[in-house]
Structure formats: C-alpha cells, structure tokens
Amino acid sequence: MTTIIRAEAPHDLLALIPSLAGFRPERSVVCVAFAGNRTVGVLRHDLPRQVRDRAPLVSAIVGTLCRMGGVDAIVPIVYTDARFDAGRGLPQRALLSLLVKRSEQAGFLVRDALCRAADAWGSLLDPDTPTTGHPLALIDESPVTRLVPEACPVLASANEAADLPAVDAAASTALAAALDGLAGDSRGAALTRLGPNGDPVVLVETLLDRSSVHPPLRLAWFVHLASLPAMRDAMMLQFAFGVVVGEAAHDDAMSTADRAEALDETVDGLVRREMANGTVGEVSEMLSRLMLGQTSLRPDARRVERALSMLRPVIANAPATHRVGLLCMAAWLAWSLGRGSVAGAFIDRALEIDEGHSMAGLLAAFIGSGALPDWAFSAR
C-alpha cells in the first residue's frame with residue numbers, strides 16, 4: 001500500500017529524505033525527482049572533490065533525469081560537512097546554481113534547491129535564507145517523520161547496507177578446510193561428493209533455496225567458482241535473470257575459458273581484446289549487454305535479494321584471498337537493483353583487498369560514473 005506524506009515546507013522534505021533514500025546521506029548530491037506532486041526516485045552522487053568535476057557530475061545527473069519517464073520537476077539537495085558559520089553563506093552555492101541552471105535548460109521545474117550543512121540548512125532559491133542558515137532542529141523535529149511507516153528502515157549510511165555479519169569462527173574454519181580440499185588431486189573426490197551441485201547452474205539454484213542448509217563443501221565450491229572470472233559472471237547473471245540465462249552464460253564461460261587457454265591469454269584479457277576487435281559472438285554480446293545493463297529485460301528482484309542475503313555471510317566467512325570475486329558479484333547485484341551507493345561500498349571493500357583487481361576496477365569506473373541500467377527506466 002502506498003503511503004502519501006505531504007511535505008509542506010523545505011525542512012519537511014529534508015526530514016523525509018532518509019526514508020526516501022533508505023539511508024542518511026552524507027557528503028552527497030541528492031536529487032529528488034517528481035512526476036506531478038509525487039516522488040518517483042532519488043538519485044545520489046558523491047560530492048565532487050574538485051571544481052573541475054562539477055560540470056561532468058551535473059551533466060550525469062541531468063542526463064539520468066532526462067531518461068526517467070514522467071519526471072517533470074526536481075529538488076536538488078547538497079549534503080556537506082561545510083558550515084554556514086564559516087562566513088560565506090550557503091555552502092556549495094556554485095554547484096547548486098549550476099545544477100538548477102542545467103536542469104531548467106533541460107525543461108525541468110526546479111521546485112527548490114537545498115543545502116544541509118554541518119550546522120544549519122538553507123535554500124538557494126529563498127532570498128530570505130539567513131546567512132547563518134536555518135536551525136537543523138526544524139528538520140529533526142519535523143512532524144512528517146512520525147508519518148513514515150515503521151516498515152521503512154533507515155540506515156546510518158549507504159555503506160551500512162554493504163555491512164557484513166560477524167565472522168562465524170566455526171563456519172569460517174570449515175569453509176577454509178573445504179577450500180583446501182578442493183585443491184589438487186582431492187578435487188575429483190570432492191566433486192563426487194557434491195553430486196548435482198558440482199554443476200554451477202544447479203549450484204546457483206540450490207544456493208537460492210532458503211530452505212536448504214548449505215554444507216561447507218558446497219559453499220567452498222561456490223567460493224572457488226566465484227574466483228574464476230568467467231564462472232563468476234555466469235553465476236552472477238543467473239542469480240539475476242534465471243536458469244535459461246545461466247545455462248547460456250555457463251556454456252559461453254566454458255567456451256571463453258577454452259579459447260583463452262588455447263591462446264595463452266587470461267579470460268579478462270581475451271574478452272577485452274575480442275570486444276575491441278568486434279569479434280564477440282552473438283551469445284557473448286547478449287551477455288555483455290546484460291552485464292552493462294544495456295537492455296530493458298529486468299532482473300528478478302526477489303532472486304537478487306535472496307542472492308545478496310546468501311552472499312553476505314559467505315563473504316564474511318571466506319578467507320580474504322577468496323573474497324574479491326564475491327564482493328564484485330555482490331556489487332553488481334546491488335547495482336542491478338538501482339543501489340549504486342551500496343554497490344560502491346562493496347567495490348571499495350574489494351579494492352581494499354586487491355587494488356589491482358580487474359573486475360573491481362572496471363566496476364568502480366563504470367558504477368562510479370553514475371551509470372544506471374536501462375531497465376531502471378523501462379516500464380514495470
């Protein structure tokens with residue numbers, strides 16, 4: 001059921017933003033998109049660190065808004081650690097002014113342009129905003145917060161959505177031992193014990209079954225496969241789009257791995273070369289378009305949520321040397337649901353472990369640019 005809450009004043013809207021976004025923004029540019037009088041989306045980007053980064057950021061925000069069907073009005077909001085009492089008035093005035101100008105040029109009604117600073121808040125479009133700003137207490141004490149349904153959780157930050165559970169010492173030890181058992185000559189016996197779950201396509205569907213208790217060997221096999229780029233991507237796509245896509249991705253992964261071995265190349269290197277040369281096959285191209293979100297085919301959100309729930313404890317309990325592929329998978333799955341900030345937090349964790357990891361670096365550049373999948377703009 002839809003809950004309608006009317007924000008009668010700017011500070012009421014500021015009070016609602018955490019509920020709309022699902023977390024409390026910090027050092028961010030947030031853009032609330034409206035269709036008529038209803039909010040239809042909240043975009044969030046990191047505040048630009050350099051003056052030269054303002055124009056590209058504004059272009060990315062306005063470009064995204066132009067792709068959102070039905071959006072006719074916006075309210076941009078800057079969240080900053082800067083202060084009004086520093087004596088310069090509204091912080092980030094130049095950034096807000098540029099965003100208002102470009103948005104109006106694109107045909108959007110800018111209903112307001114707000115800044116929540118460390119010590120006060122204010123409106124760029126209100127000439128009566130004091131140079132010291134309005135007190136933050138107006139936001140904290142807004143009556144609209146009492147109207148938000150309790151079922152709408154608000155995280156302290158976007159990073160909190162990427163938090164991992166505490167390590168389970170027994171599960172971690174068992175997982176490490178099972179991974180050791182997959183090495184060398186013992187792998188054949190381990191695969192025999194796995195039975196049908198030795199097939200990655202079957203394995204993914206088993207892992208999505210919430211009623212199943214997954215033994216260490218099954219999880220170890222998944223963790224091992226997630227460290228292999230082609231298998232990682234195939235399983236990731238299957239989590240999102242289902243068995244048919246998973247089977248196609250698995251077959252393509254095997255073919256790609258065979259070609260890479262024959263040519264003495266890495267899988268990532270082969271894929272990049274084939275894409276640059278335009279020699280990618282039809283199936284590979286289709287899968288690449290799914291990876292990049294260049295399709296209106298929408299992932300199954302329930303499958304993705306189950307996958308993320310399964311992944312978090314596995315990542316927490318896996319040895320650090322095996323976490324990066326899993327973190328990349330979690331990042332892409334979060335991005336597929338439109339949670340770019342959460343995806344970024346997973347990517348940061350991956351790069352902390354291996355700053356030169358190819359997939360983590362590609363995701364950081366791609367998602368960090370503000371890219372959104374085409375299905376985010378298609379009719380549900």
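Structure: see above.
Residues numbered from 1 in each chain as written. Predicted model: local features only at pLDDT ≥ 70, side-chain atom pairs only at ≥ 80, totals over all residues. Heavy atoms only, no water.

A. Molecular detail of helix α16 (residues 358-368). M359, A360, L363 and I367 are the residues of α16 that are buried. Taken end-on, α16 shows its buried residues confined to a sector of 95 degrees, consistent with a single buried face. With respect to the buried face of α16, the exposed residues turned more than 90 degrees away are A365 and G368. Elements that come into contact with the buried residues of α16 comprise α9 (229-241), α12 (282-291), α14 (323-336) and α15 (340-353). One or two residues past the end of α16 sits G370, with phi positive at roughly 90 degrees. (Buried < 20%, exposed > 50% of the residue type's maximum accessible area, 1.4 Å probe, protein only. Helix = DSSP H or I, 4+ residues; strand = E, 2+ residues; numbered from the N terminus. Arc of directions from axis to C-beta. Contact = heavy atoms within 4.5 Å.)

B. Representation of the nonpolar core. Core analysis: the biggest nonpolar cluster contains 65 residues, and F222, W332 and L333 have the highest contact counts within it. At 11 residues, the largest contribution of residues to this core is made by α14. Setting aside residues no more than four positions away along its own chain, L333 makes contact with M236, F239, A240, V304, A307, L308 and L311. Within the second largest apolar cluster, 28 residues are counted, among which are V29, L47, L99 and A120. (Core = buried A, V, L, I, M, F, W, Y, C linked by side-chain atoms within 4.5 Å.)

C. Fine view of the packing of aromatic side chains. Within the structure shown, the criterion is met by six aromatic pairs. Here the aromatic rings of F241 and W375 are separated by 5.7 Å at their centres, their planes lie at 80 degrees, and the arrangement is edge-to-face. Of this pair, F241 sits in helix α9 while W375 sits in the segment after α16, and the two are 134 residues apart along the sequence. Of the two residues examined, F241 and W375, each falls in the buried class. One aromatic cluster is present, formed by F241, W332, W335, F366 and W375 through successive ring pairs. Geometry around F34 places R111 over its ring, the cationic atom sitting 4.7 Å from the centre. (Phe/Tyr/Trp six-rings, centres within 6.5 Å; stacked < 30°, edge-to-face > 60°. Lys NZ or Arg CZ within 6 Å of the ring centre and 35° of its normal.)

D. Layout of unusual backbone geometry. For R27, which is not glycine, the phi dihedral falls at a positive 45 degrees. Take R27: it is sitting in the loop between α1 (10-21) and β1 (28-35). On the basis of relative accessibility, which here comes to 44%, the residue R27 falls in the partly exposed class. Positive phi, normally seen in glycine, also occurs at Q92, with a value near 60 degrees. Structurally, the position occupied by Q92 is in the loop between β3 (73-79) and α3 (93-105).

E. Up close: the packing of helix α7 (residues 200-207) against α9. The N-to-C vectors of α7 and α9 enclose an angle of 45 degrees; their axes lie 10 Å apart at closest approach. Regarding the angle of α7 to α9, the classification is oblique. The two elements α7 and α9 meet at a crossing, and its hand is right-handed. Contacts between α7 and α9 involve P200, V201, V204 and E205 on the former and, on the latter, M231, M235, Q238 and F239. Residues of the contact of α7 with α9, tallied by class, amount to six nonpolar, one polar and one charged. (Axes fitted to C-alpha atoms, helices over the stretch in contact; angles between N-to-C directions. Parallel < 35°, antiparallel > 145°, perpendicular 65-115°, else oblique. Left-handed = near helix turned anticlockwise from the far one by under 90°. Nonpolar A, V, L, I, M, F, W, Y, C, P; charged D, E, K, R; others polar.)

Everything listed here is a matter of geometry and, on its own, says nothing about what the molecule does.
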